[in-house]
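A structural walkthrough
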Amino acid sequence: MAVIRVEKQDGIKILTLNRPEMYNALNLELLLELKSIAEETVHDRETRVVIITGEGEKAFCSGADLKERRTFTEDQVRRYIHTIRETFTLVERIPMPVIAAINGVAFGGGTELALACDIRIADETASMGLTETSLGIIPGAGGTQRLPRLIGKAKAKELIFTAARIPASEAYQIGLVNRVVPKGTALEESIRMAERIKENAPLALKQAKFAIDRGMETDLDTGLLLETRSYETLIPTKDRLEGLAAFKEKRKPRYTGE
């Protein structure tokens, strides 16, 4: 059985972590598969939006597979940490929008995977948290960096220091998730959002994501320069001309990614 199930729906690629008996925990096999899929997706012209979710109703991803981790030597632990960090960075750098459909618990690496996505939609029964300090370690897949950038340093320190597990409602209040939806509808709502996103020009979406992500890591003047360069990249594209023509003709644009 595949540890990640891949489905394509008219420009939407859905990646389902498929270890429900282990609460979709991240063993090395799953990480290597996710890494491979992320690398392939970068060059997939047919994909406009990516959705990541978990199999079953209980878990998006419960984090590292601690049963597997107990069998690791210290060197194997180092390799695992390198792999998970590298994999989530690849997910973050997928050029098209990525949505996390959080359909249950998302602890440790599960929350870190969600943080690597652009948008997070959570089931009302979901719970999240970077719980590593309760296990004698720290978040090692980007959590100490992405969480404070998203919700602020003080609140991120509180969550990491206390290893708190928070409900979806609180995650929404602090800006950790974009939306909270009724039980069992996280994937459905994510697909609905993906449908809306993919109506827009794919090259423009990629450049907008690039400008936002890179611009947030620098000063305002440099960020504005990045924005200008991203805009200029789009000027000679067919999609830009199609957008203008569709507006003039009062019709829906037909974007091709060219």
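Data block above holds the structure.
Summarised in this report is the structure supplied together with it. (Residues numbered from 1 in each chain as written. Predicted model: local features only at pLDDT ≥ 70, side-chain atom pairs only at ≥ 80, totals over all residues. Heavy atoms only, no water.)

1. Some details on a nonpolar patch on the surface
A surface patch of nonpolar side chains, about 260 Å² in accessible area, is lined by L66, L135 and I137. Structurally, the position occupied by L135 is in the loop between strand 8 (127–129) and helix 5 (143–151). (Patch = residues over 30% accessible without salt bridge, like charges linked within 9 Å, V, L, I, M, F, W, Y side chains within 5 Å. Areas by Shrake-Rupley, 256 points an atom, 1.4 Å probe, with all protein chains shown as cover. Salt bridge = Lys/Arg side-chain N within 4 Å of Asp/Glu carboxyl O. Helix = DSSP H or I, 4+ residues; strand = E, 2+ residues; numbered from the N terminus.)

2. Considering the pattern of salt bridges
For the coordinates displayed, the defined rule picks out 19 salt bridges. For R19, the salt bridge is made with D65, and the minimal N-O distance between the two is 3.0 Å. Within this pair, whereas R19 is found in the loop between strand 2 (12–17) and helix 1 (28–41), its partner D65 is found in the loop between strand 4 (59–61) and helix 2 (66–69), the two being separated by 46 residues in sequence. Classification of R19 as buried rests on a relative accessible area of 10%. Looking at D65, the relative accessible area reads 7%, which means it is buried. Here E158 makes a salt bridge to K155, at a shortest N to O gap of 3.3 Å. You can see E158 and its partner K155 sitting in helix 6 (residues 153–162), three residues apart, about one turn around the helix. (Buried < 20%, exposed > 50% of the residue type's maximum accessible area, 1.4 Å probe, protein only.)

3. A few points about the environment of A141
You can see A141 is positioned in the loop between strand 8 and helix 5. Each C-alpha atom of the pair A141 and E39 lies 18 Å from the other, and the pair is 102 residues apart in sequence. Beyond its immediate sequence surroundings of up to four residues, A141 is in contact with I84, R85, F88, E112 and R146. (Contact = heavy atoms within 4.5 Å.)

4. Brief notes about a negative patch on the surface
On the surface, a cluster of negative charge is made up of E29, E33, E39 and E40. Within the secondary structure, E39 sits in helix 1. (Lys, Arg positive; Asp, Glu negative; His and termini not counted. Charge placed at Lys NZ, Arg CZ, Asp CG, Glu CD.)

5. Topic: the pairing of strand 1 (residues 4–9)
Pairing of strand 1 with strand 2 involves six bridges; the strand directions are antiparallel. Counted as the bridge partner of E7 is I14 from strand 2. From the end of strand 1 to the start of strand 2, which pair antiparallel, there are two residues, and D10 there has a positive phi angle of about 50 degrees. (Pairing = 2+ DSSP bridges.)

6. A closer look at the environment of T256
Here T256 shows up in the segment after helix 11 (238–249). Exposure remark for T256: the relative accessible area of 44% places this residue in the partly exposed category. As for T256 and G142, which are separated by 114 residues in sequence, their C-alpha atoms are 34 Å apart. When residues no more than four places from it in sequence are discounted, the contact partners of T256 are R45, R48 and D239. A distance of 3.0 Å separates the side chain of T256 from the side chain of E258, its partner in a polar contact. (Polar contact = N/O pair within 3.5 Å; in protein donor to acceptor, adjacent residues only side chain to side chain.)

7. A closer look at the sheet that holds strand 2
Strand order in the open sheet made by the six strands is 1-2-3-5-7-10, with mixed pairing throughout. Edge strands, defined here as strands with exactly one partner in the open sheet, are strand 1 and strand 10 (179–181). Ignoring which end each strand starts from, the neighbouring axes of this sheet average 20 degrees apart. Examined bridge by bridge, strand 2 and strand 3 (residues 49–54) share six bridges and lie parallel to one another. In the sheet register, K13 faces strand 3, and the bridge partner there is V50. (Axes fitted to C-alpha atoms, helices over the stretch in contact; angles between N-to-C directions.)

8. A few points about the environment of P167
Tracing the backbone through its elements, the reader meets P167 in strand 9 (residues 166–167). Here the alpha-carbon distance between P167 and K248, two residues 81 residues apart in the chain, equals 47 Å. If near-sequence neighbours (up to four positions away) are discounted, P167 is found in contact with A126 and S127.

9. Section: helix 1
A rise of 1.5 Å per residue sets the reference length of helix 1, with its 14 residues, at 20 Å; its end C-alpha atoms lie 20 Å apart and thus fit the reference within 8%. Burial in helix 1 covers these residues: L28, L30, L31, L34, I37, A38 and T41. Considering only its buried residues, helix 1 is in contact with strand 1, strand 2, strand 3, helix 2, helix 3 (74–92) and helix 4 (109–115). (Expected span 1.5 Å × (residues − 1).)

10. Considering the nonpolar core
Judged by nonpolar contacts, the single largest core of 46 residues is most densely connected at I52, F60, F88, I102, L147 and L176. When residues of this core are assigned to their parent elements, the largest contribution, six residues, is made by helix 1. Sequence-distant contacts of I52, defined by excluding residues within four places in its chain, comprise L15, F60, V91, V98, I99, A100, A101, L113 and C117. Counting 15 residues, the second-largest nonpolar core is a separate cluster that includes I12, I99, A186 and I191. (Core = buried A, V, L, I, M, F, W, Y, C linked by side-chain atoms within 4.5 Å.)

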